[in-house]
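Single-letter residue listing:
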Amino acid sequence: MSGSWNPERRALLPERVIHISSPTPWQGSWAPGQGGAVLGAGQETAPQLPVLTPEEKRVLERKQKKERRKEEKKRLRESGAAQSPPAKRSGAQLALDYLRGWAEKHDNWRFQKTRQTWLLLHMYDSNQVPDELFSTLLAYLEGLQGRARELTVQKAEALMQKLDEAGGMDPLPQGKTQRIRQGSCTDTAHLEASVV
């Protein structure tokens, strides 16, 4: 049985009289030859509606709900009160807030791999991680564990080697060079301390 109304099925259903005070969208248009009405003491004339199966009721309710939402959106659009969804915060902002939360030891702080990954990828960029948070980031790196710690140290050592090979010529911006030196010294010292 499908969820749509089958007119042939109406002949098989017992007819019930439903009294309504105002027309509803699902009624459609009723003509005298389509079902008749029952008049009783103090009652208004109402069309007879077929009994709907639970499936048909559910489909009908969904359609009504969809139409109501559509009309509500239309009213909002016409009144000019359509609200745009709040702007989502960028990955950079979320990662920096994560770092601040760690520094302040909030009770609701929890480890988030994506935030940590962003911080590790952008730690040497002063445009991404402000100078005032870089020392906090270095303190955060002290607690770094596992593969992330190993890769961070390898990356710092490789960057230091690249700087040493460049000699007097600085291939990287001054701020980034200073951060690499700070980060690599901290990372290497902590790694060696944890091994001993």
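A brief look at the structure comes next.

**Considering the nonpolar core**
Inference 1: Leu 99, Trp 118, Leu 119, Leu 137, Tyr 140 and Leu 141 are the most contacted members of the largest nonpolar core, which has 21 residues in total.
Inference 2: Excluding anything up to four places from it in sequence, Leu 137 contacts Leu 99, Leu 119, Met 123 and Val 129.

**Observations regarding the packing of aromatic side chains**
Inference 1: Tallied over the full model, the rule gives 3 aromatic pairs.
Inference 2: Ring centres 5.3 Å apart and planes at 35 degrees place the aromatic pair Tyr 98 and Trp 109 in the tilted group. Linking Tyr 98 in helix 2 (residues 91-104) with Trp 109 in the loop between helix 2 and helix 3 (113-122), this pair joins segments that are 11 residues apart in sequence.
Inference 3: Tyr 98 gets classed as buried once you look at its relative accessible area, which sits at 5%.
Inference 4: What makes Trp 109 partly exposed here is its relative accessible area of 28%.
Inference 5: Among the aromatic residues, those joined into a cluster by ring pairs are Tyr 98, Trp 102, Trp 109 and Tyr 140.
Inference 6: Above the face of the Trp 102 ring, Lys 105 is positioned so that its terminal group lies 3.9 Å from the ring centre.

**Focus: a positive patch on the surface**
Inference 1: Positive charge collects at one region of the surface, where Lys 65, Lys 66, Arg 68, Arg 69, Lys 70, Lys 73, Lys 74 and Arg 77 lie side by side.
Inference 2: Note on placement: Lys 70 falls in helix 1 (residues 54-79).

So, how was this worked out
Residues numbered from 1 in each chain as written. Predicted model: local features only at pLDDT ≥ 70, side-chain atom pairs only at ≥ 80, totals over all residues. Heavy atoms only, no water. Core = buried A, V, L, I, M, F, W, Y, C linked by side-chain atoms within 4.5 Å. Buried < 20%, exposed > 50% of the residue type's maximum accessible area, 1.4 Å probe, protein only. Contact = heavy atoms within 4.5 Å. Phe/Tyr/Trp six-rings, centres within 6.5 Å; stacked < 30°, edge-to-face > 60°. Helix = DSSP H or I, 4+ residues; strand = E, 2+ residues; numbered from the N terminus. Lys NZ or Arg CZ within 6 Å of the ring centre and 35° of its normal. Patch = residues over 30% accessible without salt bridge, like charges linked within 9 Å, V, L, I, M, F, W, Y side chains within 5 Å. Areas by Shrake-Rupley, 256 points an atom, 1.4 Å probe, with all protein chains shown as cover. Salt bridge = Lys/Arg side-chain N within 4 Å of Asp/Glu carboxyl O. Lys, Arg positive; Asp, Glu negative; His and termini not counted. Charge placed at Lys NZ, Arg CZ, Asp CG, Glu CD.

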